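Letter by letter, the chains look like this.
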Amino acid sequence: MARNIRVEEDLIDQLFNSSEKRLARTLLLLARLARRAASKGALKVSQEMLAEMIGSTRPRVNFFMNKFRKLGFIKYNGEIHVNHSLLSVVLHE
């Protein structure tokens, strides 16, 4: 049941949200998983992998990652550290 709900959420996300919001949501979900795995919340995932996950291109992901870094939502230098304030990107309409 939980898996079906997640698939439905992902489909709705893909259909109705911009690639920027999809990236923010994905980063937040991955950061939550990383914290549970006791890796101090650091993510080691490539921009290519993120692009595949959100259905976008690597240059577009790079653009948004740089934007998020400049706004202080993430720290990025090989590992990605996600600030909870990134949630404002997902919630902002």
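My aim in this report is to walk through the structure given alongside it, one point at a time. (Residues numbered from 1 in each chain as written. Predicted model: local features only at pLDDT ≥ 70, side-chain atom pairs only at ≥ 80, totals over all residues. Heavy atoms only, no water.)

1. Details of the layout of surface pockets
This is how it is decided: Grid spacing is 1 Å over the protein atoms alone, the probe is 1.4 Å, and a cavity is where that probe fits but cannot get out, while a pocket is an open set with protein on both sides within 12 Å along at least five of seven lines and lining residues have an atom within 4 Å of a point. Grid points are joined across faces, edges and corners, and a volume is the space filled by probe spheres set on the points. Per the convention used, a helix needs a DSSP run of H or I reaching at least four residues, while a strand needs a run of E reaching at least two, with both numbered from the N terminus. Throughout, the ten residues Ala, Val, Leu, Ile, Met, Phe, Trp, Tyr, Cys and Pro are labelled nonpolar, Asp, Glu, Lys and Arg are labelled charged, and all others, Gly among them, are labelled polar.
Reported here for the largest pocket is a volume of approximately 190 Å³. Only helix H1 (2-16), helix H2 (19-36) and helix H3 (47-54) provide two or more residues apiece to the lining of the largest pocket. Here the element with the most residues in the lining of the largest pocket is H2; it accounts for seven residues. Here the residues of the lining of the largest pocket are counted per class, giving five nonpolar, two polar and six charged.

2. A few points about the packing of aromatic side chains
This is how it is decided: Only rings of Phe, Tyr and Trp enter the pairing, Trp through its six-membered ring, and a pair is recorded when the two centres are within 6.5 Å. The plane angle decides the type: under 30 degrees is stacked, over 60 is edge-to-face, the rest tilted. For every residue, the accessible area (1.4 Å probe, protein chains only) is compared with the maximum for its type, and the residue is labelled buried under 20%, exposed over 50%, or partly exposed between those bounds.
A complete count under the given rule lists two aromatic pairs for this structure. With a centroid separation of 5.4 Å and an interplanar angle of 70°, the aromatic rings of Phe63 and Phe64 are classed as edge-to-face. Centre to centre, the rings of Phe68 and Phe73 are 6.3 Å apart; their planes meet at 65°, and the pair counts as edge-to-face. Of the two residues, Phe68 and Phe73, neither departs from the other in class, the shared state being buried.

3. A closer look at the pattern of salt bridges
Spelled out, the test is: Only one rule defines a salt bridge in this text: a Lys or Arg side-chain nitrogen within 4 Å of an Asp or Glu carboxyl oxygen.
Within this structure, the stated rule accounts for two salt bridges. The partner of Glu20 in a salt bridge is Lys67, with the nearest N and O atoms 2.8 Å apart. Within this pair, whereas Glu20 is found in helix H2, its partner Lys67 is found in helix H4 (residues 58-70), the two being separated by 47 residues in sequence. The shortest N-O distance in the salt bridge between Glu79 and Lys44 comes to 3.6 Å. Separated by 35 residues along the polypeptide, Glu79 in the loop between strand E2 (74-76) and strand E3 (80-82) and Lys44 in the loop between strand E1 (42-43) and H3 bring together distant segments of the chain.

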